Amino acid sequence: TVEIALCIEEQLKPRGVGVVMEARHLCTMMRGVEKQNAEMVTSSMLGRFRSDIRTREEFLGLIRNRK
């Protein structure tokens, strides 16, 4: 997640970058935890998304309501 955010920031030079990833990991499904629907969520916030709480909250609110 961090690598994707850094790549976007480096290539596009935006004022801020917000990346949220949701994934199912094979390792949690097959061994160890053995939960078939275990989802992992990671995020990375750079620039305005890190420094301005209003910008961050608006972004997170928009993605929360997408389901």
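Residues numbered from 1 in each chain as written. Predicted model: local features only at pLDDT ≥ 70, side-chain atom pairs only at ≥ 80, totals over all residues. Heavy atoms only, no water.

1. Regarding a nonpolar patch on the surface
A grouping of Ile4, Ile8, Leu12 and Met21 is seen on the molecular surface, where their side chains present a nonpolar patch of about 340 Å² in accessible area. It is helix 1 (residues 2-12) that contributes the most residues to the nonpolar patch, three residues altogether. Mapped onto the fold, Ile4 is located in helix 1. Assessed through its relative accessible area of 39%, Ile4 is described here as partly exposed. (Patch = residues over 30% accessible without salt bridge, like charges linked within 9 Å, V, L, I, M, F, W, Y side chains within 5 Å. Areas by Shrake-Rupley, 256 points an atom, 1.4 Å probe, with all protein chains shown as cover. Salt bridge = Lys/Arg side-chain N within 4 Å of Asp/Glu carboxyl O. Helix = DSSP H or I, 4+ residues; strand = E, 2+ residues; numbered from the N terminus. Buried < 20%, exposed > 50% of the residue type's maximum accessible area, 1.4 Å probe, protein only.)

2. Topic: the packing of aromatic side chains
Here the structure, examined in full by the defined rule, presents one aromatic pair. Centroid distance Phe49 to Phe59: 5.2 Å. Interplanar angle 70°. Geometry classified as edge-to-face. Note that Phe49 is positioned in helix 3 (residues 48-51) and Phe59 in helix 4 (residues 53-64), a separation of 10 residues in sequence. Neither residue differs from the other here; Phe49 and Phe59 are each classed as buried. (Phe/Tyr/Trp six-rings, centres within 6.5 Å; stacked < 30°, edge-to-face > 60°.)

3. A closer look at the pattern of salt bridges
Under the criterion given, the structure shown has two salt bridges. Residue Arg24 pairs with Glu39 through a salt bridge whose shortest N-O separation is 3.4 Å. Taken as a pair, Arg24 in strand 1 (residues 16-24) and Glu39 in strand 2 (residues 39-47) lie far apart in primary sequence, 15 residues in all. What makes Glu39 partly exposed here is its relative accessible area of 39%. Arg54 is paired through a salt bridge with Asp52; the nearest N and O atoms lie 3.7 Å apart.

4. Observations concerning the environment of Phe49
Note on Phe49: relative accessible area 16%, which makes it buried. Sequence separation between Phe49 and Gly18 is 31 residues, and the spatial gap between their C-alpha atoms is 6.2 Å. Beyond its immediate chain neighbours, meaning those up to four positions away, Phe49 contacts Gly16, Val17, Gly18, Thr55, Arg56 and Phe59. (Contact = heavy atoms within 4.5 Å.)

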